[in-house]
Amino acid sequence: EAAVTQSPRNKVAVTGGKVTLSCNQTNNHNNMYWYRQDTGHGLRLIHYSYGAGSTEKGDIPDGYKASRPSQENFSLILELATPSQTSVYFCASGDGVNQDTQYFGPGTRLLVL
Amino acid sequence: GDSVTQTEGPVTVSESESLIINCTYSATSIAYPNLFWYVRYPGEGLQLLLKVITAGQKGSSRGFEATYNKETTSFHLQKASVQESDSAVYYCALGDPGTGSNRLTFGKGTKFSLIP
């Protein structure tokens, strides 16, 4: 069973609209992460969290908010979507101890028109 | 800031031939970063292929190997004999063991496929 799931898997949004990407993990990990990947770039960290109620800015947080209402769930919110946010988004979880492995979801492909 | 540079793809080789994907890193604030190779198979999320946290050590998994070379700041991925199931995108990454966030810095990824 997949331990990190994302929804939706594909999304088409309009410029200026609100988009919420959801991530759920059953690993009982403390840390969760949101990355985006674009052609010509590696995965870039948007936001991360140390646990329920915690959100931290990553390397490219502008235009994004995050929410961690529980250990299992971590959402990425685009309040006013722009075409530049068209990308593939990956969620991951990790236990935060000793630089352990991060476990990734399958990705969400977002197209902002 | 920290950065990772890897072979620009796509890379294609014939079945049973050897594969090498180069990775070099720059860790300006981390004396001894942890180094990783992740792989993304078609239609799947990234998964850890191998990791090495001690300079001079070698990691191996699924026939792949990578050695942590602090002198050349490299972590090249090699496999002696590739097969169709190795077709994927490979990502080199570094992490800072000194932070609780376990943040990773990724390279751009290298797409590998067999020559048809």
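Residues numbered from 1 in each chain as written. Chains lettered and ligands numbered in written order. Predicted model: local features only at pLDDT ≥ 70, side-chain atom pairs only at ≥ 80, totals over all residues. Heavy atoms only, no water.

### Brief notes about the sheet that holds strand β7 (residues 58-61) of chain B
Residues and elements named next belong to chain B. So the rule is basically this: Only strands joined by at least two bridges in the DSSP assignment are considered to pair. Helix and strand assignments follow DSSP, with helices taken as H or I runs no shorter than four residues and strands as E runs no shorter than two, numbered in order from the N terminus. For every element, the axis is a line fit to its C-alpha atoms; helices are fit only across the contacting stretch, and the angle between N-to-C directions ranges from 0 to 180 degrees.
Read across the open sheet, the 4 strands follow the order β3-β9-β8-β7; overall the sheet is antiparallel. In this open sheet, the two strands that pair with only one neighbour each are β3 (19-21) and β7. The mean inter-strand angle of the sheet, taken between neighbouring strand axes irrespective of direction, is 20°. Pairing of strand β8 (residues 64-67) with strand β9 (residues 77-79), which is carried by 3 bridges, proceeds in the antiparallel orientation. Residue Glu65 lies in a different strand from β9, and its bridge partner there is Gln78.

### Thoughts on the sheet that holds strand β7 (residues 65-67) of chain A
Residue and element names in this part refer to chain A. The strand order β1-β3-β8-β7 describes an open sheet built from 4 strands, whose pairing is antiparallel. Two strands in the sheet have a free side with no partner beyond their single neighbour: β1 (4-7) and β7. Direction aside, neighbouring strands of the sheet carry axes that sit 20° apart on average. Sheet topology places strand β3 (residues 19-25) next to strand β8 (residues 73-78); 6 bridges connect them, and they run antiparallel. Note that in β8 the partner of Leu21 across the bridge is Leu76.

### Looking at the interface of chain B and chain A
We apply this condition: Residue contacts are defined here by distance: any two heavy atoms, one from each residue, within 4.5 Å place the two residues in contact. Buried area: the accessible surface (1.4 Å probe) lost by two parts on joining, summed over both. What counts as a salt bridge is simple: a side-chain nitrogen of Lys or Arg found within 4 Å of a carboxyl oxygen of Asp or Glu.
The partner chain A presents 25 residues to the 22 residues of chain B that form the contact. Carbon and sulfur atoms make up 47% of the area that chain B and chain A hide from each other, which totals about 1,900 Å². Of all residues in chain B, Leu46(B), Asn102(B) and Arg103(B) bury the most surface against chain A, accounting for 31% of the area lost on that side. Along the contact surface separating chain B from chain A lie 1 salt bridge. The closest approach of N and O atoms between Asp59(A) and Arg103(B), which form a salt bridge, is 2.4 Å.

### Quick notes on the nonpolar core
Quick note on the threshold: The set of buried Ala, Val, Leu, Ile, Met, Phe, Trp, Tyr and Cys residues whose side-chain atoms join them within 4.5 Å is what this entry labels a nonpolar core. Exposed residues in this analysis have more than 50% of their type's maximum accessible area, buried residues have under 20%, and partly exposed residues fall in between, with area computed by a 1.4 Å probe over protein chains only.
Membership of the largest hydrophobic core comes to 27 residues, with the highest contact counts inside it found for Trp37(B), Leu49(B), Leu50(B), Phe75(B), Leu77(B), Tyr90(B) and Phe112(B). When contributions to this core are tallied by element, the ones reaching two or more residues are β2 (11-13), β3, β4 (23-26), β5 (34-40), β6 (47-52), β8, β10 (88-95) and β12 (110-114) of chain B. Considering every element that reaches this core, the biggest residue donor is β10(B), with 4 residues. Beyond its immediate stretch of four places on either side in the chain, Phe75(B) contacts Cys23(B), Leu35(B), Phe36(B), Trp37(B), Leu50(B), Val52(B), Ala66(B), Thr67(B), Tyr68(B) and Cys92(B). Among the nonpolar cores identified, the runner-up in size contains 18 residues, and Met32(A), Ile46(A), Leu78(A) and Val112(A) belong to it.

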